2 protein chains.
Amino acid sequence: MTAASELTDHTGYWMRMVSNAVSQEFARKVSGEDVTVAEWSFMRALYEVEPTPPSVLAERMGMTKGAISKLAERLVAKGLVERTENQRDKRAHSLSLTKEGRAKIPVLASLADKNDAEFFGVLTKEEHKTLDRILRLLAERRELKSTPVD
Amino acid sequence: MTAASELTDHTGYWMRMVSNAVSQEFARKVSGEDVTVAEWSFMRALYEVEPTPPSVLAERMGMTKGAISKLAERLVAKGLVERTENQRDKRAHSLSLTKEGRAKIPVLASLADKNDAEFFGVLTKEEHKTLDRILRLLAERRELKSTPVD
DNA sequence: ATGTGTAAGTTTCCTAGTCAACAAGGAGGG
DNA sequence: CCCTCCTTGTTGACTAGGAAACTTACACAT
């Protein structure tokens, strides 16, 4: 086997390539709703458990506090998310979806469905299930061992 | 089933999360070699077929011409890549690895091996193989139907 | 009460990539 | 020739996120 052919054997390389393609296409789809992929991801994370402090969100999304801070700022400006003061601790606050934000969820989710179908529809049901299972397993692992440096 | 639980069912969502984690960790690893993930990806693409015009590279990597242009610029500045004029067409040129660039490949590849092992080592051999196969399949599909907008 | 250390968020600086506008060269028809 | 249209690659404006410095607030021991 030549060195050149070994080079194609990195799972991370293909993962990055496919993930970029999926996200790019999704970005195009949601841009009509005036929302970015990261914003959708943020809103969705919020939708599951709410209200949530930024720090928790950062860990769940695998992003830094700084990124979350800016993302939250944008979403508040768009009126999709709101902050609630924390009485006990004046440093902290919590984030929740506004009514408008909440209303957008199903729309965005259906775009996500469509995007998923377009990309992963070529897989057999079995393959798709396996892929899903593996990705979640890996995501869990990440959460366990590698909190972002920040 | 509630709407909330359906929300976790997007493959793209998990893919993005895992891919980011993998790339981030890899970025940390290669930063010692004064190279970024995109730069590695670029060099690797070049390594396979060389010399190559930027436009072809852009398509292969799923990036825009603009991104490739800047990436190439950085790599030329670092002395890892070089341009060759095209005699037939004065607009065009080709890119190849320099001796130094070529020499870095095995080092970077071994870091990539290590990163892959860390992340995907938790999978069974069977799972890992399946994941690989699926990702390549999806990457191929992308190339067939979705050249970047640009 | 107060000083020291720690935690929550924000801000600044830097890198990276998209998109759109652009310059420059080529191809083909009249 | 030369005019128009297409192609190649670069640039600038903008968005996004990471790292690290910073601000403010808390906790707890003295």
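These figures come from a predicted structure and were not determined experimentally.

Quick look at the confidence of the model for chain A now. Chain-level statistics for chain A give a pLDDT mean of 86 and a share of 89% at 70 or above. Note on residues 1–5 of chain A: pLDDT is under 50 here. Beyond four places in sequence and across chains, it has 3 contacts.

Residue and element names in this part refer to chain A. Note that T52 resides in the loop between α3 (37–48) and α4 (54–61). You can call T52 buried: its relative accessible area is 3%. Residue contacts for T52: discarding those within four places in its chain leaves L46, L57, S94 and L95.

Turning next to the protein's contact with DNA strand C. Neighbouring DNA strand C are 23 residues, the closest being S69 and R91 of chain A together with T36, K70 and R91 of chain B. Counting only elements with at least two residues in the surface near DNA strand C, the list comes to α4 and α5 (65–77) of chain A together with α5 (65–77) of chain B. The residue inventory of the surface near DNA strand C, partitioned by class, reads 6 nonpolar, 7 polar and 10 charged.

Further remarks concern empty space enclosed by the protein. A full pass over the atoms with the stated rule returns 3 cavities of 30 Å³ or more. Taken as a whole, the largest cavity encloses approximately 160 Å³ of empty space. Counting residues per element, the ones that place at least two in the lining of the largest cavity are α2 (11–30), α3 and α6 (99–120) of chain A together with α2 (11–30) of chain B. For the lining of the largest cavity, the element with the highest residue contribution is α3 of chain A, accounting for 4 residues. In terms of lining, the second largest cavity is formed by 13 residues, of which the most central are G12 and Y13 of chain A together with F26, V37 and W40 of chain B. Those elements that provide at least two residues to the lining of the second largest cavity are α2 of chain A together with α2, α3 (37–48) and α6 (99–120) of chain B. For the lining of the second largest cavity, the class distribution of residues is 6 nonpolar, 4 polar and 3 charged.

Rules and cut-offs
Residues numbered from 1 in each chain as written. Chains lettered and ligands numbered in written order. Predicted model: local features only at pLDDT ≥ 70, side-chain atom pairs only at ≥ 80, totals over all residues. Heavy atoms only, no water. pLDDT = per-residue confidence, 0-100. Contact = heavy atoms within 4.5 Å. Helix = DSSP H or I, 4+ residues; strand = E, 2+ residues; numbered from the N terminus. Buried < 20%, exposed > 50% of the residue type's maximum accessible area, 1.4 Å probe, protein only. Near = heavy atom within 4 Å. Nonpolar A, V, L, I, M, F, W, Y, C, P; charged D, E, K, R; others polar. 1 Å grid on protein atoms, 1.4 Å probe; cavity = no way out; pocket = protein on both sides within 12 Å on 5 of 7 lines; lining within 4 Å. Points joined across faces, edges and corners; volume = space filled by probe spheres on them.

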